[in-house]
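Topology and contacts: notes
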Amino acid sequence: RGLGDVYKRQVEKIRPVQIEDLLGREPVRIDLDAVINYVKNKVVLVTGGGGSIGSELCRQVAANHPKMLIIFDIYENNAYEIQQELKREYPSLHLEVLIGSVRNTSRIDKVFEDYRPDIVYHAAAHKHVPLMEISPAEAVKNNVLGTKNLLTSASEHDVERFVQLSTDKAVNPTNVMGASKRIAEIYTQSLNRIANTRFITTRFGNVLGSNGSVIPRFREQIRNGGPVTVTHPDIIRYFMTIPEACRLVMEAGTMGMGGEIYIFEMGRPVKIADMAKRMIELSGFDPDKEISIIYTGLRPGEKLYEELLSNKENTLPTAHNKIRVAKVREYNYFDVVNELNKLNELAARVNIPDMVKMMKDIVPEFVSRNSEFEKYDKESVSS
């Protein structure tokens, strides 16, 4: 009973933490007029529209008077929640909520055929590095095949603009998730060279407060009285807030001519241990006495730091001082398609050794930090 009273007092003591307080810089501003004119009276499709980033994209699109907003997601509970919220906030919005998988080519084609979207924001992805190291074929099926399905159908149905959300983990990847996103970037750029649709990629780092990110986990650990767990005392990450990321995605979509990979200026990287300490302090506790921080070790495929550009890339400025465009090597579309078809066949058969080896062939800078995959470096793909 005594311990219960102590815990109750501890929970009551917790102060709410504002996400922006953890950012360590001023929020990014964008040209709202350009964004409003961009989506106004357009049919907009958001894949993964029930997720953290996807749902915020839906909110911002809904606020800017689209002709129709289509939410596409595999997870019905999240899709239902954002549907109910948008119905309350925007009662006149023409909203369609569709359940389905980006892996299903027929389903994707039917959506594009029935609704004829003008603009697509592709936020659907498997994103958790440790989970994808355990189930690597699922990362390829969802992040590579799913993206290929969407891009191909968008091109065939005369979509004006397609904005793909990528990640800093695609740069010099050390894990399957990052490599799968880099392969999706390569396909996006190669298709742009032969298609009428403008295919644009946006690449940014970790998003504060998104599902599965450190902030919700730290918050729960603090509520439970600690300890707060960090993988390594020196691990650092680039961070943005969810609204910042979504606004920059939308602005990059307005300026893109097609084929670009836009890099978002995210300020200085933040040490996760410092963020944990600050969150404990902002919650009203002493990180040295009341709630401790413990280190659990890097997980398979995890880097100490992330990069927004690979060593072979450089960037050019854009009209927005927080958005730069990467200069990357070009790929032949037909060569890429042949490689992706083979890769997807290996993923469908769950042939992990040959699949990972082929990912390393497509993305030579993919050097695994997972002992399970390091051994595939010098093996050849079976015929």
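Before any of the text, the structure's been laid out above.
A brief structural summary. (Residues numbered from 1 in each chain as written. Predicted model: local features only at pLDDT ≥ 70, side-chain atom pairs only at ≥ 80, totals over all residues. Heavy atoms only, no water.)

**What about the sheet that holds strand 15 (residues 323-327)?**
Applied cut-off: Two strands pair if DSSP finds at least two bridges between them. Helix and strand assignments come from DSSP, with helices taken as H or I runs of at least 4 residues and strands as E runs of at least 2, each series counted from the N terminus. Each axis is a line fitted through C-alpha atoms, taken for helices only over the stretch in contact, and angles between the N-to-C directions span 0 to 180 degrees. Contact criterion: two residues are considered in contact whenever any of their non-hydrogen atoms come within 4.5 Å of each other.
Across the sheet, nine strands lie side by side as 3-2-1-4-5-6-11-15-14; this open sheet has mixed pairing. Since the sheet does not close on itself, it has two edges, and those belong to strand 3 (95-99) and strand 14 (314-317), each with one partner. Here the strands of the sheet are splayed against their neighbours by 25 degrees on average, with no regard to which way each runs. Here strand 5 (residues 161-167) pairs with strand 6 (residues 198-204) via seven bridges, running parallel. The partner of Arg161 across the bridge, within strand 6, is Arg198. Helix 4 (residues 76-89) rests against strand 2 (68-73) and strand 3 of the sheet, and its axis sits at about 175 degrees to strand 3.

**Here's the deal with the environment of Val367**
Within the secondary structure, Val367 is located in the loop between helix 13 (352-362) and helix 14 (371-374). Taking C-alpha positions, Val367 is 9.8 Å from Val176, a pair spaced 191 residues apart along the chain. Leaving out residues up to four positions away in the same chain, Val367 has contacts with Pro173 and Thr174.

**A look at helix 9 (residues 214-223)**
Since the α-helix packs 3.6 residues into each turn, any two residues three or four apart lie on the same face. Note the threshold: In this scheme, a residue with accessible area under 20% of its type's maximum is buried, one over 50% is exposed, and one in between is partly exposed, where area comes from a 1.4 Å probe on protein chains only. Think of the arc as the fan of directions from the helix axis to the C-beta atoms.
Listed as buried for helix 9 are Val214, Ile215, Phe218, Gln221 and Ile222. Taken around the axis of helix 9, the buried residues stretch over an arc of 130 degrees, which confines them to a single face. Phi turns positive, to about 85 degrees, at Gly225, one or two residues after helix 9.

**Quick word on the nonpolar core**
How we decide: As used here, the term nonpolar core means buried Ala, Val, Leu, Ile, Met, Phe, Trp, Tyr and Cys residues forming a set that is joined through side-chain atoms within 4.5 Å.
Ranked by internal contacts, the top residues of the largest apolar core, which has 50 residues, are Phe112, Ile183, Tyr187, Leu343, Met355 and Met359. Counting residues per element, the ones that place at least two in this core are strand 1 (43-47), strand 2, helix 5 (105-115), helix 6 (129-134), helix 7 (136-156), helix 8 (176-192), helix 12 (333-348) and helix 13. Apart from the residues lying within four places of it in its own chain, the contact partners of Ile183 are Val144, Leu340, Leu343, Met359, Ile362 and Val363. In terms of nonpolar packing, the next biggest core, distinct from the first, is built from 42 residues, Val44, Cys58, Ile200 and Ile242 among them.

**Quick look at the packing of aromatic side chains**
In this description, a pair of aromatic rings is defined by centroid distance and the angle of the planes. In plain terms, the rule: Paired rings are identified among Phe, Tyr and Trp, the last through its six-membered ring, by centres lying within 6.5 Å, and are further divided according to the angle between planes into stacked (under 30 degrees), edge-to-face (over 60) and tilted (the rest).
On inspection of all chains with the given rule, the structure shows four aromatic pairs. Ring geometry for Tyr187 versus Tyr333: centroids 5.8 Å apart, planes at 45 degrees, classification tilted. One end of the pair, Tyr187, is in helix 8; the other, Tyr333, is in helix 12, and 146 residues separate them in sequence. With respect to burial, Tyr187 and Tyr333 carry one shared label: buried.

**A short note on the pattern of salt bridges**
Formally: Note on definitions: salt bridges are taken to be side-chain nitrogens of Lys or Arg within 4 Å of carboxyl oxygens of Asp or Glu.
Across all of its chains, the model carries 18 salt bridges by this definition. Across the salt bridge formed by Arg59 and Glu56, the nearest N and O atoms sit 3.1 Å from each other. In this pair, Arg59 and Glu56 are both assigned in helix 3 (residues 52-62), three residues apart and thus about one turn of the helix distant. By relative accessible area, which is 26% here, Arg59 ends up partly exposed. Residues Glu345 and Arg349 are paired through a salt bridge, measuring 3.7 Å at the closest nitrogen-oxygen approach.

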